[in-house]
Amino acid sequence: MSALSQKHMLGLEFTPKSDIERVLETAFSFREVLDRPVKKVPTLQGKTLVNLFFEPSTRTRLSFELAEKRLSADTLNFSASASSLSKGETLRDTIQNIEAMKIDLAIIRHNTPGAAYQLSQYVDAVVINAGDGTHEHPTQALLDMMSIKEEFGHIDGLKIAIIGDIAHSRVALSNIYGLRTMGAEVTVCGPPTFIPPFIEELGVNVSYHLDEILPEMDVINVLRIQKERMQTALIPSLREYRALYGITRERLSGLDKELTIMHPGPLNRGVEIDSDVADSEHSIILHQVLNGVAVRMSLLYLLLGGQEAKGGANA
Amino acid sequence: MLNTKQLTGKLLLKDGQVYLPNSSKIEKRDLLLENGILKGMEKSIEVSDGMEVMDCSDRIISPGFTDIHVHFREPGQENKETLKSGTEAAVAGGFTTVCCMPNTEPPIDTQESVRFIRQRQEELLAEIYPVAAATKGRKGKELTEYGEIAAAGAVGFSDDGAPIATGQVMRKALEYAKIVDKPVIQHAEDLSLKADGLMHESKVSTALGLPGAPAISETTMVYRDIQIAEYVGARLHIQHVSTAGAVELIRAAKERGVKVTAEVTPHHLMLTDEAVRTFDTSTKVNPPLRSRKDVDALRKGVADGTIDAIATDHAPHAIEEKEQTFDLAPPGMIGLESALGVVVKALVDSKITDLQTVLERLVVSPRQVMQLPLDFYTLDNSANLTILNPEEEWVFRREHVHSRSANSPFYGSQLEGRVKAVIHRSQLITSE
C-alpha cells in the first residue's frame, strides 16, 4: 500500500500537492542518510525492483540504482532497444515476462509518451516513470523542486523560467506541472520552433525573448540543446542560438540580482550555458544530482508502503 | 454469433415505422415478403393464413445501410479481416452494402484485383464494391487504368491510407476520372505538415508530449483539392473529414457548385482528442480525433448536408499490433458494429438532428456519392432491409464484434440505437 494518494508515479500532471510535499519532506530525511559514513538502510530488504530501460540513460539509471542499493532492495536490470519492440515483440510481452518474475516495483524509461502509463495498465507491480519520451520525467522534476526548496526554503511565489527546447524535453512538462502545483509562476522561453503549440493553456507564460524575462526571474532551469535539432530546421545555427538564448556570464552580469541556475544535464557547455556560469556559486547543478538519489529513495520508500516521512531515514 | 435464417413462405413485418427515403419521412407501413422477395408495402396489410408475422411495433425499418469506407484486409492480411468476416461485421451493424478500400497487399490497382473482390459477392452476406487505387501501387505517381478498372466494377479511385500527395497527380487523376465519371476519393492530408504527428495538435498533445498533427494538415489539402476539382470540373470525394475548417471549405465549395462530396466517421462525431489521454492505442486514428470545436462543426455538417455520408473507416488491426506503444501502433479502429449506436447517440440523442437525417446519411447519400442504384423497397426484388430500435440503450462489448479484430475504444460505452436484424438476399440475419 502506497503512502501516497496514488499507487504509481507516472507523472506530475495529476499529482496533488500533498503527495509532492510528502515526497520532498521524506527526501530531505533521506539526504541525511547519504551524508552518513554508512549510506545504507535496510528499508526495502526483501523487495524486488526492476529497472526497465528501453533507451539509453546514464544519470537517471545510476541515480535509481544507487537509491535502490541504499535502501537494500534486490534489483534486476533490463535493457532493450526500442527497435526490438518494432520487430514483433509487444510492450505487453516484455512486461508479462518481467512480471512473471514477481516484481514489486518497476522503473521504466522509454522513448514513447505513455509507455509508463500503458505498463501500469498491464502489471500489478508499482510503476515509476523514469521518463517517457517527451511526456513526463517526474523524478527529475521532484529533484528539481527539492533543490529549489533547499535553496529558497519554499517554492510558492517564486518566478521560474525553463529555457530552451521545451518541445523535445522530457523535463519541461513535469517541471511545469509540479512547480505550478507548488505555487510557482512558470515561464517557458526559447525560439518559437522549440515551444509546443497551446502550451500557454497549461498555465505558463511564454516568451521568445530571454533578456526581457531574466530580470524578473528567481530561478532559471536551462535545458540541453540537442544538436540534431539543427538538421531538422528547428534552429538555423547553434551560434545564433547561443547569441539569443545562451546563459552567459555577460548576460547575467547585466542583472541587478543573482539568479539560481539549474540544468538537468548533460550540459552542452558553450551552447546553452557557459562553463563559468555552470560552475559558479549560483549554480545548483551538482545539488540536483545528489538530491536525485534522495528523491528516488523517498519515492521508492513511500510507494512501497513507507508511512512516516521522518521515519524513513531510520526505518 | 450471427444467426442466419433462410426466408421461405410469407413473412409480414407488421406495424413497423418505415423510413421512406424519397420523402425523408418515417411512417407506419406493413411490409410483406415472400421467400425474401418484397411483395407488398402498404399502410396496413391484413394477416392471412400461413403468414408468419414479425411484430415491428417498436422498430424502425430502413433500407439496408451503405458504408462507403471499409478496410477488409483481403488479400494480404487475412489475420486482421477477410471479405467474409468483414461482411459479417457489416450486416451485424446494419450495413448491407460496403465499399472496400484498396490498401490491401497487394493493393487493388488492376481490373483483375477488382474482379477478385466482385466475384466473391455471392458467398458474402453484404454487397461489396471495391474502390480501386488511384495510382499504381498507391505510390502517388502513375494513374491506374481507370477505364478498364471501372468496367470491372470499381466505384471510385483512392490511395486511402495516404493522400494523393502532389497537386499534379491529383489534377491528372481528377481529369482522367472524367472518362468514367467516377469520384476521385481523397484521404486529405498534407504529410509534410502532419510531420511525425501521432494525434491532433492541441493542448492535449502538448500535455501528453505526443507529436501533434495540426488541423491545417487536413484543411490545406482539402483547399488544394477543391481548387483542382473546381478547375477541371471533376468529382471529388473527401474521406473522413475531421476538422471544422474542412467542413467550412466543403460547404462553400458546394454553394458555388463544385462537385465535391464528403464523409465523416462515427468516431469523429463522438470522440475528441481528450480520449487519447488514456494512451489507448485504439484511439490512434488517421485523421486523429480532433477538438470539441471540430466535433461540433462535423455534427452540424451532417445535419445541414455539407457532409453527405457517415462512413465507418472500419480499420481492423491485430491485437499484437495495437498492444504496442502509441508511436508503433498502426492507426485505425473497427467501427461497423458500433456505428449506429454511436451516431444516434452523437446526433439524435444530443438533439443535433433527427433520425431521418441520420438514416439519410447511412442509406441514401452514400449511394449517391458512389453512384450505386437507389432501388429502395422495389416490389418483386429481394428485400434489403435494416431493422432497428432507435431508442435502445446498450453497452457495447467485445462479444458484439464479428470482425476478426477488436480494436475499438467504445467497449464499455453506453450507446443508443441498436440494429436488431437485417434482411438481405432472402436471409434474416440477427446477431443476438
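How each quantity is defined
Residues numbered from 1 in each chain as written. Chains lettered and ligands numbered in written order. Predicted model: local features only at pLDDT ≥ 70, side-chain atom pairs only at ≥ 80, totals over all residues. Heavy atoms only, no water. Salt bridge = Lys/Arg side-chain N within 4 Å of Asp/Glu carboxyl O. Helix = DSSP H or I, 4+ residues; strand = E, 2+ residues; numbered from the N terminus. Buried < 20%, exposed > 50% of the residue type's maximum accessible area, 1.4 Å probe, protein only. Arc of directions from axis to C-beta. Pairing = 2+ DSSP bridges. Axes fitted to C-alpha atoms, helices over the stretch in contact; angles between N-to-C directions. Contact = heavy atoms within 4.5 Å. Core = buried A, V, L, I, M, F, W, Y, C linked by side-chain atoms within 4.5 Å. Buried area = accessible area lost by both parts, 1.4 Å probe.

Visitor: Got a minute to help me understand the pattern of salt bridges in this structure?
Guide: Between side chains of opposite charge, pairing is possible as soon as their charged atoms come close. Considering all chains together, one arrives at 36 salt bridges over all chains under this definition. Close ionic contact of Arg170 of chain A with Glu55 of chain A constitutes a salt bridge, the shortest N to O distance being 2.1 Å. With Arg170 of chain A in the loop between β5 (159-163) and α7 (172-181) and Glu55 of chain A in the loop between β1 (48-53) and α2 (59-70), this pair connects stretches of sequence that are 115 residues apart. Each member of the pair, Arg170 of chain A as well as Glu55 of chain A, carries the same accessibility label: buried. Between Arg277 of chain B and Glu274 of chain B there is a salt bridge whose closest N-O contact spans 2.9 Å. Judged by its relative accessible area of 21%, Arg277 of chain B falls in the partly exposed class. Among the charged side chains, a salt-bridge network with shared partners connects Lys14, Asp15, Lys28 and Asp30 of chain B.

Visitor: Whenever I open this one, helix α4 (residues 91-99) of chain A confuses me. Can you help?
Guide: Among the residues of α4 of chain A, those classed as buried are Leu91, Thr94, Ile95, Ile98 and Glu99 of chain A. Down the axis of α4 of chain A, the sector holding all buried residues measures 130°, keeping them to one side.

Visitor: Sorry, what's going on with the pairing of strand β6 (residues 60-63) of chain B here?
Guide: Side-chain direction in a regular strand flips from residue to residue, so the side chains alternate between the two faces of the sheet. Summarising the sheet, strand β2 (residues 10-20) of chain B and β6 of chain B pair through two bridges and their orientation is parallel. Bridge pairing in β6 of chain B places Gln17 of chain B opposite Ile60 of chain B.

Visitor: Explain the sheet that holds strand β7 (residues 65-70) of chain B to me, please; I cannot follow it from the model alone.
Guide: Hydrogen bonding along the main chain pairs the strands of a sheet, whether they run parallel or antiparallel. All names here are of chain B. Spatial ordering of the open sheet is given by β7-β8-β9, a layout of three strands whose pairing is parallel. Each end of this open sheet is capped by a strand with a single partner; those strands are β7 and β9 (127-130). Strand-to-strand twist of the sheet, defined as the mean angle between neighbouring strand axes without regard to direction, takes the value 20°. Taken together, the four bridges between β7 and strand β8 (residues 95-100) define a ladder with parallel strand orientation. When the sheet's bridge partners are listed, Phe65 is paired in β8 with Phe95. Here helix α13 (residues 355-363) sits on the sheet and contacts β7 and β8; the angle it forms with β7, its principal contact strand, is near 55°.

Visitor: Would you take a moment to explain the environment of Leu52 of chain A for this structure?
Guide: Residue and element names in this part refer to chain A. Note that Leu52 resides in strand β1. Measuring from C-alpha to C-alpha, the distance between Leu52 and Thr94 comes to 9.7 Å, with 42 residues separating the pair along the chain. Among all residues touching Leu52, those that are not within four sequence positions of it are Phe78, Ile95, Ile98, Ala106, Ile107, Ile108, Arg109 and Leu119.

Visitor: Can you walk me through the nonpolar core in this structure?
Guide: Looking at soluble globular proteins, one finds that nonpolar side chains tend to be buried together. If you look at the biggest cluster of nonpolar residues, it comprises 117 residues, and the most contacted ones within it are Leu13, Leu31, Leu33, Phe65, Leu174, Ile238 and Ile423 of chain B. When sequence neighbours within four positions are dropped, the list of residues in contact with Ile423 of chain B reads Leu7, Leu11, Leu13, Leu33, Ala383, Asn384, Leu385, Ile387 and Leu428 of chain B. Core analysis: the next-biggest nonpolar cluster, separate from the first, contains 64 residues, Ile148, Val171, Ala294 and Leu304 of chain A among them.

Visitor: Help me understand the sheet that holds β5 of chain A, please; the structure alone is not making it clear to me.
Guide: Residue and element names in this part refer to chain A. Ordered by their spatial adjacency, five strands build an open sheet running β7-β6-β5-β8-β9, and the pairing between neighbours is parallel. Since the sheet does not close on itself, it has two edges, and those belong to β7 (205-207) and β9 (260-262), each with one partner. With strand direction ignored, the average angle separating the axes of adjacent strands in the sheet is 20°. Of the strand pairs in this sheet, β5 and strand β8 (residues 219-222) are connected by four bridges, and their pairing is parallel. What sits directly across from Ile162, in β8, is Asn221. On top of the sheet, helix α6 (residues 138-152) reaches β5, β8 and β9; it is set at about 160° to β9, its chief contact.

Visitor: What am I meant to see in unusual backbone geometry here?
Guide: Note: most peptide bonds trans; most residues except glycine with negative phi. Of note, the amide linkage connecting Glu74 of chain B to Pro75 of chain B takes the cis form, showing an omega dihedral of 10°. Note that Pro75 of chain B resides in the loop between β7 and α1 (83-92). The omega torsion of the bond from Glu105 of chain B to Pro106 of chain B falls at 5°, within 30 degrees of zero and hence cis. Non-glycine residue Ser72 of chain A carries a positive phi angle of around 65°. Position of Ser72 of chain A relative to the elements: it lies in the loop between α2 and β2 (74-79).

Visitor: Could you clarify how one ought to interpret the interface of chain A and chain B in this entry?
Guide: Accessible area lost upon the coming together of the parts serves often as the stated size of an interface. Contacts between the two partners involve 25 residues from chain A and, on the opposite side, 19 residues from chain B. The contact between chain A and chain B buries some 1,800 Å² in all, and 59% of this surface belongs to carbon and sulfur atoms. For the pair chain A and chain B, the number of links is one salt bridge. Listing elements by their share of the side of chain A that touches chain B, those giving two or more residues are α3 (82-86), α4, α5 (115-122) and α7 of chain A. Per element, the largest residue contribution to the side of chain A that touches chain B is four residues, and it comes from α5 of chain A.

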